[in-house]
Amino acid sequence: MDARADVLVVGAGLLGLSAAYFLGKRGLGVLLLDPRPPLTCTSDKSTECYRVFWPGDEALALLVGRSLELLGAFPEVRKNRRGYLYAGREEALLALSEGAEATGPLRRHTRPETYPEGAASGMDLLVGEALKARFPYLRAEAALHVRPAGWLDAWGLGQALWRRVREAGGRLLPGRAVGLEVEGGRVVGVATEGGATLRAEAVVLAAGPGLPELLRALGEAVPLTREAHFKAWFPDPQGAFPKEAPLLILQEEVRLFGEEEAPLLEGEEALAPYLKALPPGAHARPEGEGFLALFNPFPERVERAGCEPTPPPFYPELALRALARLLPGLEGYLRALPKARVDGGLYVRTPENRPLIGPLARPGAYALGAFSGFGVMAALGAGELLAKHLLGEALPPHARAFHPGRYRDPDYRPPAGSHQL
Ligand SMILES: Cc1cc2nc3c(=O)[nH]c(=O)nc-3n(C[C@H](O)[C@H](O)[C@H](O)COP(=O)(O)OP(=O)(O)OC[C@H]3O[C@@H](n4cnc5c(N)ncnc54)[C@H](O)[C@@H]3O)c2cc1C
């Protein structure tokens, strides 16, 4: 079967749907191609969190900020503004807060009265009495409460986009792209696994974990890696996890096992890397009648595309151990581990952890991918930016930071790479 569209979007995750929405809104005929139902690869595995806090990379802060503005057009998508709370040593938190102009000013509190409970922007550093009074469940020297940040209903956003894409006449075709059709040096469509050719004026590659192969097929030299990240959901029958908490992040090194436990673990090869001090980054938030726990200190590089990577052995217990250092109330669960549900997906990323949004070297082809751990929060801003590129509209200043051709620009100065959860 041959089909034709103005724009063919390869991949119906949040990014593909966002591009389809913004293109359809401008009157283009959009066809989505995906072998799976929409949103069922990486986009339904996320922690659904967002932050306009990208120390050292204001371009990403602008992209996420724009996404949040655009979310105003989706009043049905629930979101909160609880913030991100980084806990650790004061000095380290002060260092973390540097270079985050878009987040707003830093305020320091030793007494609880000065802490602005519902602040919409800025960062609040809490120490001493202020920390004890406001976050009594934490074991930490200091905490940095970052807003605007929180979490949103990512599935709801995806469904809202999909509905609007269909209302604008967009369609989804089941199938997998295996190659790009090129005529006269221009991409004119894709070849599918079933042998069909789908032709279009423009092709948007939004294939999530499948993007590296498609770029390779086009001869695009963009340095991408894939790494597996997981999360565990625990039930909380003891009510040990604070239901009102923001996203809680352990921002210091952590040891998961005491000296007395180490001999018991000898011979457990899978646990050997976890016996030393581990990097910061364990995080958690309340979810339904339980809580989500994430700790991915050694994300495995993955060579093949896929949607359901296999978690490392003992993932839930390791994540819980890390979080119990921060939340002593969870220690009870280490004695009798509740049954957790674990899932995860692949972070596709560039070396400096900025996504690819815009035209590829071959005319007619566009990339919308490499959103590692921020594809939910950046989806709307990224889809809008892609549509602007494709339609030749004026671009915002941050567009250059995400242009897929930036690696060929001798003047491109990537940021050192901001921290990632
Ligand atoms: C554990 C975890 C926690 C996360 N937490 C957050 C968070 O808190 N906040 C946040 O913003 N982000 C988070 N993320 C990241 C976010 O989930 C992703 O960045 C985002 O979902 C990527 O969306 P996508 O549309 O690019 O990819 P996907 O959702 O994977 O969609 C890509 C689609 O392309 C299809 N496809 C692949 N190859 C082909 C092909 N050859 N032909 C046709 N179709 C193809 C796939 O079937 C899939 O449906 C998290 C991710 C993980 C794994």
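Residues numbered from 1 in each chain as written. Predicted model: local features only at pLDDT ≥ 70, side-chain atom pairs only at ≥ 80, totals over all residues. Heavy atoms only, no water.

A.B. asks: Explanation requested: the state of the cysteines in the structure shown.
C.D. replies: Such a bond, covalent and formed between the sulfur atoms of two cysteines, is termed a disulfide. Scanning the model with the defined rule gives one disulfide in all. Two residues, cysteine 41 and cysteine 307, share a disulfide whose sulfurs are 2.1 Å apart. Torsion about the S-S bond of the cysteine 41 and cysteine 307 cystine: about -95°, corresponding to left-handed handedness. Note that cysteine 41 is positioned in the loop between strand E2 (30–34) and strand E3 (49–51) and cysteine 307 in the loop between strand E16 (290–294) and helix H8 (315–326), a separation of 266 residues in sequence. Free cysteine: cysteine 49, not disulfide-bonded; nearest cysteine sulfur from cysteine 41 at 20 Å. The class of cysteine 49 is buried, set by a relative accessible area of 10%. (Disulfide = S-S within 2.5 Å. Helix = DSSP H or I, 4+ residues; strand = E, 2+ residues; numbered from the N terminus. Buried < 20%, exposed > 50% of the residue type's maximum accessible area, 1.4 Å probe, protein only.)

A.B. asks: Can you walk me through the environment of leucine 144 in this structure?
C.D. replies: Relative to the assigned elements, leucine 144 resides in strand E7 (residues 142–147). Overall, leucine 144 belongs to the buried group, its relative accessible area being 0%. Spatially, the C-alpha atom of leucine 144 lies 6.4 Å from that of leucine 126, the residues being 18 residues apart in sequence. In this view, leucine 144 contacts Phe53, Tyr84, Leu85, Tyr86, Leu93, Leu96, Ser97, Leu106, Met123, Asp124 and Leu125; residues no more than four positions away in its chain are not counted. (Contact = heavy atoms within 4.5 Å.)

A.B. asks: Please clarify how the environment of leucine 391 should be interpreted in this entry.
C.D. replies: For leucine 391, the position within the fold is in helix H10 (residues 375–391). For the pair formed by leucine 391 and leucine 28, sequence separation is 363 residues and the distance between their alpha carbons is 9.8 Å. When residues no more than four places from it in sequence are discounted, the contact partners of leucine 391 are Arg26 and Leu28.

A.B. asks: What is the right way to look at the pattern of salt bridges in this model?
C.D. replies: Scanning the model with the defined rule gives 28 salt bridges in all. One salt bridge connects arginine 406 with glutamate 352, and the closest N-O pair in it is separated by 2.9 Å. Placement of the pair is arginine 406 in the segment after helix H11 (399–402) and glutamate 352 in the loop between strand E17 (341–349) and strand E18 (356–359), with a sequence separation of 54 residues. Residue arginine 400 is joined to aspartate 409 by a salt bridge in which the shortest nitrogen-to-oxygen separation is 3.2 Å. (Salt bridge = Lys/Arg side-chain N within 4 Å of Asp/Glu carboxyl O.)

A.B. asks: Explanation requested: the pairing of strand E14 (residues 247–250) in the structure shown.
C.D. replies: Look at any regular strand and the pattern is simple: side chains alternate between the two faces of the sheet. Side-chain alternation along E14 places Leu247 and Ile249 on one buried face and Leu248 and Leu250 on a second face that is also buried. Looking at chain direction, strand E4 (residues 84–88) and E14 are connected through four bridges and run parallel. Each residue of the ladder has a partner; that of alanine 87, found in E14, is leucine 250. Direction of pairing for E14 relative to strand E15 (residues 283–287): antiparallel, over a ladder of two bridges. Its bridge partner lying in E15, leucine 248 is registered against alanine 284. (Pairing = 2+ DSSP bridges.)

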